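If you want the building blocks of each chain, they are given just below.
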Amino acid sequence: MKKWQNYWEENQIYKFNKNHKGETYSVDTPPPTISGKMHIGHASSYTHEDIIVRYERMKNKKIIFPFGTDDNGLPTEKFIEKEKNVSSKRMQRNEFIELCNKTLEEIRPQFIQNWKDIGLSCDFDLSYSTIDKRCQRISQEHFINLFNKNLVYKKETPILYCPTCETAVAQAELENKNIPSVFYYIDFGKLTIATTRPELLSSCVAIFVNNKDPRYKNLIGEKITVPIFKNQITVLADEKVDLEKGTGAVMCSTFGDTTDIEWYMTHNLDLKTSISKKGEMTEIAKEFQGMKIKEAREKIVEKLRAQKKIIKEEKIDHLVNVHERCGTEIEILSTKQWFIKILKNKNKFIERGREINWKPKHLIHRYENWINNLKWDWCISRQRFFGIPFPVWFCKECGEIILADKKDLPVDPLIQRPKKKCRCGSNTFIPEKDVMDTWATSSLTPQILEDLIGQKLIKINLRAQAHDIISTWLFYTIVRAEYIEKKAPWKEILISGFVLDKKGEKMSKSKNNIVEPKTVIEKYGADALRYWASNVSFGKDIRYDENELKNGKRLITKIINATNFAAKNLNKAKPDRLYILDQYFLIKLNKTIKEVNMLFEKRKIPQAKETIEKFFWNSFCDNYLELVKWRIYGDKEKESAKYTLYHSLLSILKMFAPIMPFITEDLYQKYFKEYKSIHITSFPDFDPNLIDEDLEKKGDLMIKYLEEIRKIKTEKGVSQKAEIKEYKISKDISGFEKDLKETGNIKNIIL
Ligand SMILES: [Zn+2]
Ligand SMILES: [Zn+2]
């Protein structure tokens, strides 16, 4: 099937055509992370998208279906570090960036090939990489626009931070993980504090109790001494304290969790940082300085035990936030970061979400919940290397923020300098060293697409993606579209689920149940893979089911056999008069075409597939091909049969084409070739004039009788070819008697 892949490429079948007269149908294709590998989940979700695009293409739309790769940011850095056995922190920044770029160029062709192998009908020339110059320019330009609209700011503030990756992270990059932990009940003298994080004692700045709590009423305002570190802190009251949890008295460190941040802000507390950006204890941790967090925890607990300050230890399962990229427990550190303002516009983002047609509908709730629970503005700066630089310098004298000129973009402030002096007259600048997070660029895929085709799009028709990136890619793209053009970016969103193994379990290396798309394609072919994938129900996880691949394979064989059987008797020319059975069969085909169109329009892919398949197996193979034999072999009404075979088989192939592009192309080229490819022919259209209820009823009856005859023969254990002397029918099937007689081998039909 490589043959057709090459053919499509050579003949530019899927190439974006600016001059196409049809209605535009544009797709915001997800750019896969090049440092990852294509997995079966990709194969499935990209197939769903491709089926829809192929259908729309055959509806004569002007297709804009790009293919980008997401290849900057932390995932790529980690990949390169592993692949090349280097450490980004120990290399020169520019050397590391060069190594990243070089490696990406090496692996890109094979990576993209995987996507071609599943039959994806993107225009692979309409391509971008989220780190290429175009994307850098677009990303920086929109940063400047946000800055000018006062929607982006840099501020020192407590922020989610990964000590392993040594960078700020966004709320959306967190994962919840249940880890076994210990609740230590620590003696603070006048009261007892229960905490899972005794290593934060040195940054403890207050104790909080609930003012409704009678146990502590008289302690509010009292001074307390922190064990080991001996600093004096005050007992404060706040209604956020849960009376039921621990001892009802909570230590507030800067920062253990988000409540600490709130208290730090509302109660104007001191800032004491006990954990460094490297995840080590700082000097305020005194003798524990330089230790990693876990080690410090152990040592501090040891010391507390020795001082008999630990009253109780309670083993618990503890839900913590970890960084999705590395699994490290997230810390909160006060650092200077760039933020895009989002908290103040939550309602607008929710409104925009509601303007989009969601499939499935209910997932909009996940989107809205996410927005409602946002606690931070969107942190877009990362203390990393392989990302898009901020087009920003700071004046060394007065601290003024200097932006690059838009016409000079993209810039790297570490290499280039501002072209003018600062307003204060100074000519010395400090470049912004941080880079932007990769979502800050991939959230601009609609703008990148417009730039690629050199044309504005009112709204992109389709965004298809998996449900795990609703809070990131989907949300951020809506934020960008709102700030750029005050609109929703797309008309329709399709959300795919994950692929589970056949038992319904998540695939993972440890369970040894991973299915590679490559292996599936080698064994069953890409069409069978797509056949399986088309069982999707949007928003739901699907199981990998080898039986479905076998069914797909069986169907393909049947299509080949049926086409080969009919091959000698195909004729495009319509005779003046159609034989009654052919009229009947074309009415049935017409009905199926109507149904399939409706189902594809509603994105009900499995139902569309089922409808075509049922028509093909039952109506076409089991019935029509059998009913037509006596005429073909006997030279009776043959031209009518030939036309009907041609027309129906071609329609069937066309209806299957979005789902199984390879085999349908193969047979089209062999027997039906008129255009360069089946994929640029028109999808079969319903003909409203082709209705004859009377004739249809009679035909249906005849089919019913035929099926009954077959059943009788099977039950009697005789050959289907065996002759039947007499067969009684109760209703009139005038016009169809001959077909029933010939096909059922019946001597006499009696009404
Ligand atoms: Zn990390
Ligand atoms: Zn200045």
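Residues numbered from 1 in each chain as written. Chains lettered and ligands numbered in written order. Predicted model: local features only at pLDDT ≥ 70, side-chain atom pairs only at ≥ 80, totals over all residues. Heavy atoms only, no water.

> What is the right way to read the pairing of strand β28 (residues 746–750) from this model?
For a regular strand, the rule is simple: side chains alternate between the two faces of the sheet. Across four bridges, the pairing between strand β27 (residues 724–728) and β28 is parallel. When the sheet's bridge partners are listed, K728 is paired in β28 with I750. Read from β27 through helix α22 (residues 737–744) to β28, the crossover connection turns out right-handed. (Pairing = 2+ DSSP bridges. Helix = DSSP H or I, 4+ residues; strand = E, 2+ residues; numbered from the N terminus. Right-handed = clockwise from strand over helix to strand, strands pointing away.)

> Sorry if this is basic, but what is going on with the coordination of the zinc ion (ligand 2) here?
Ideal geometry at a metal gives 109.5 degrees between four tetrahedral donors and either 90 or 180 degrees between six octahedral ones. The protein atoms that coordinate the zinc ion (ligand 2) are C395 (SG), C398 (SG), C422 (SG) and C424 (SG), at distances spanning 2.2 to 2.3 Å. Each of the four donor atoms around the zinc ion (ligand 2) contributes to a set of angles spanning 106 to 116°, which defines the coordination as tetrahedral. For the zinc ion (ligand 2), the single-chain donor residues occur in sequence as C-x2-C-x23-C-x1-C. One end of the pair, C398, is in the loop between β19 (392–395) and β20 (401–403); the other, C424, is in the loop between β20 and β21 (429–431), with 26 residues separating them in the sequence. Take C398: its relative accessible area is 41%, and that puts it in the partly exposed class. (Donors = N, O, S within 2.8 Å, 3.2 Å for Na, K, Ca; no water. Tetrahedral: all angles 85-135°; square planar, octahedral: opposite > 155°, others 65-115°. Buried < 20%, exposed > 50% of the residue type's maximum accessible area, 1.4 Å probe, protein only.)

> So what exactly am I meant to see when it comes to the pattern of salt bridges here?
When the charged atoms of two side chains with opposite charge come close together, those side chains can pair. The tally for this structure, following the rule as stated, stands at 61 salt bridges. R384 is the partner of E77 in a salt bridge, and the nearest nitrogen-oxygen pair spans 2.5 Å. Separated by 307 residues along the polypeptide, E77 in helix α3 (residues 74–84) and R384 in the loop between β17 (381–382) and β18 (388–389) bring together distant segments of the chain. The burial state of E77 is the same as that of R384; both residues are buried. Here R352 ties to E482 by a salt bridge, and the two come within 2.4 Å at their closest N and O atoms. In this pair, R352 is assigned in helix α8 (residues 346–354) and E482 in helix α12 (residues 470–485), connecting sequence segments 130 residues apart. When sorted by exposure, R352 lands in the same class as E482, which is buried. Linked through salt bridges whose partners overlap, the residues forming this network are E56, K61, K359, E492 and R603. (Salt bridge = Lys/Arg side-chain N within 4 Å of Asp/Glu carboxyl O.)

> Looking at this model, I keep getting lost on the environment of I364. Mind explaining?
With respect to the helices and strands, the residue I364 is situated in helix α9 (residues 363–372). Relative accessible area serves as the criterion here: at 13%, I364 is assigned to the buried category. Along the primary structure I364 and R354 are separated by ten residues, whereas in three dimensions their C-alpha atoms are 7.7 Å apart. Contacts of I364, omitting those with residues within four sequence positions, involve G353, R354 and W358. (Contact = heavy atoms within 4.5 Å.)

> Hey, could you run me through the domain arrangement of the chain in this one?
A common measure of how large an interface is: the accessible area buried when the components associate. Each assigned domain of the chain is listed with its residue range as follows: domain 1 (2–128 + 440–533), domain 2 (167–332) and domain 3 (567–691). The straight-line distance from the C-alpha centre of domain 2 to that of domain 3 is 71 Å. (Domains from an automatic or database assignment.)

> Is there a simple way to explain the layout of surface pockets in this structure?
Using a probe with the size of a water molecule, rolled over the atoms, empty space left in the structure can be pinpointed. If you add up the space inside the second largest pocket, you get close to 610 Å³. Lining of the second largest pocket is provided by 27 residues; of these, L589, Y643, H647, S651 and D685 occupy positions nearest its centre. Contributing elements (two or more residues each) for the lining of the second largest pocket: α16 (580–601) and α19 (638–656). Class assignment of the residues belonging to the lining of the second largest pocket gives a composition of 14 nonpolar, six polar and seven charged. (1 Å grid on protein atoms, 1.4 Å probe; cavity = no way out; pocket = protein on both sides within 12 Å on 5 of 7 lines; lining within 4 Å. Points joined across faces, edges and corners; volume = space filled by probe spheres on them. Nonpolar A, V, L, I, M, F, W, Y, C, P; charged D, E, K, R; others polar.)

> Explain the sheet that holds β18 here, please?
Two pairing modes exist for strands in a sheet, parallel and antiparallel, and in both the strands are linked by backbone hydrogen bonds. Taken in spatial order, the three strands of this open sheet run β17-β22-β18, and their pairing is antiparallel. Edge strands, defined here as strands with exactly one partner in the open sheet, are β17 and β18. Taken together, the two bridges between β17 and strand β22 (residues 435–436) define a ladder with antiparallel strand orientation. Bridge assignment links S381 to a residue of β22, and that residue is M436.

> Honestly, the packing of helix α5 (residues 133–148) against helix α11 (residues 445–453) in this entry has me stumped. Any pointers?
If you want to describe how two helices pack, look at the angle between their axes and the distance between the axes. Where α5 contacts α11, the two axes come as close as 10 Å, and the packing angle between them is 125°. For the element pair α5 / α11, the angle class is oblique. Between α5 and α11 lies a crossing whose hand is right-handed. Of α11, the residues touching α5 (which contributes R134, C135, R137, I138 and H142) are Q447, I448, D451 and L452. Tallied by class, the residues present in the contact of α5 with α11 amount to four nonpolar, two polar and three charged. (Axes fitted to C-alpha atoms, helices over the stretch in contact; angles between N-to-C directions. Parallel < 35°, antiparallel > 145°, perpendicular 65-115°, else oblique. Left-handed = near helix turned anticlockwise from the far one by under 90°.)

> Please explain the packing of aromatic side chains as it appears in this structure.
Each aromatic ring pair is summarised here by two numbers: the centre-to-centre distance and the angle between the ring planes. With the rule as written, the count across this model stands at 38 aromatic pairs. On the numbers, 5.1 Å between centres and 40° between planes, the contact of W8 with F662 is tilted. Here W8, found in helix α1 (residues 2–10), pairs with F662, found in helix α20 (residues 661–672); they are 654 residues apart in sequence, far enough to count as distant. Each member of the pair W8 and F662 is classed as buried. (Phe/Tyr/Trp six-rings, centres within 6.5 Å; stacked < 30°, edge-to-face > 60°.)

> Whenever I open this one, the coordination of the zinc ion (ligand 1) confuses me. Can you help?
Bound to the zinc ion (ligand 1) are the protein donor atoms C162 (SG), C165 (SG), H323 (ND1) and C326 (SG), situated 2.0 to 2.3 Å from the metal. Geometry at the zinc ion (ligand 1) is tetrahedral, judged from its four donor atoms and the angles of 104 to 114° they form at the metal. Given a relative accessible area of 0%, C165 falls into the buried group.

> Sorry if this is basic, but what is going on with empty space enclosed by the protein here?
If you walk through the whole model with that rule in mind, you get four cavities of 30 Å³ or more. Volume-wise, the largest cavity comes out at about 100 Å³. Surrounding the largest cavity, 18 residues form its lining, G73, L74, R382, D437 and T438 being those nearest its centre. At three residues, α3 tops the list of elements feeding residues into the lining of the largest cavity. For the lining of the largest cavity, a count of residues per class yields eight nonpolar, four polar and six charged. Both domains that meet at the lining of the largest cavity, namely domain 1 (2–128 + 440–533) and domain 2 (167–332), each give it at least three residues. Counted as a void, the second largest cavity has a volume near 70 Å³. Forming the walls of the second largest cavity are P446, Q447, E450, L457, I458, K459, I460, A481, E485, K487 and P489. Contributions of two or more residues to the lining of the second largest cavity are made by α11 and α12.

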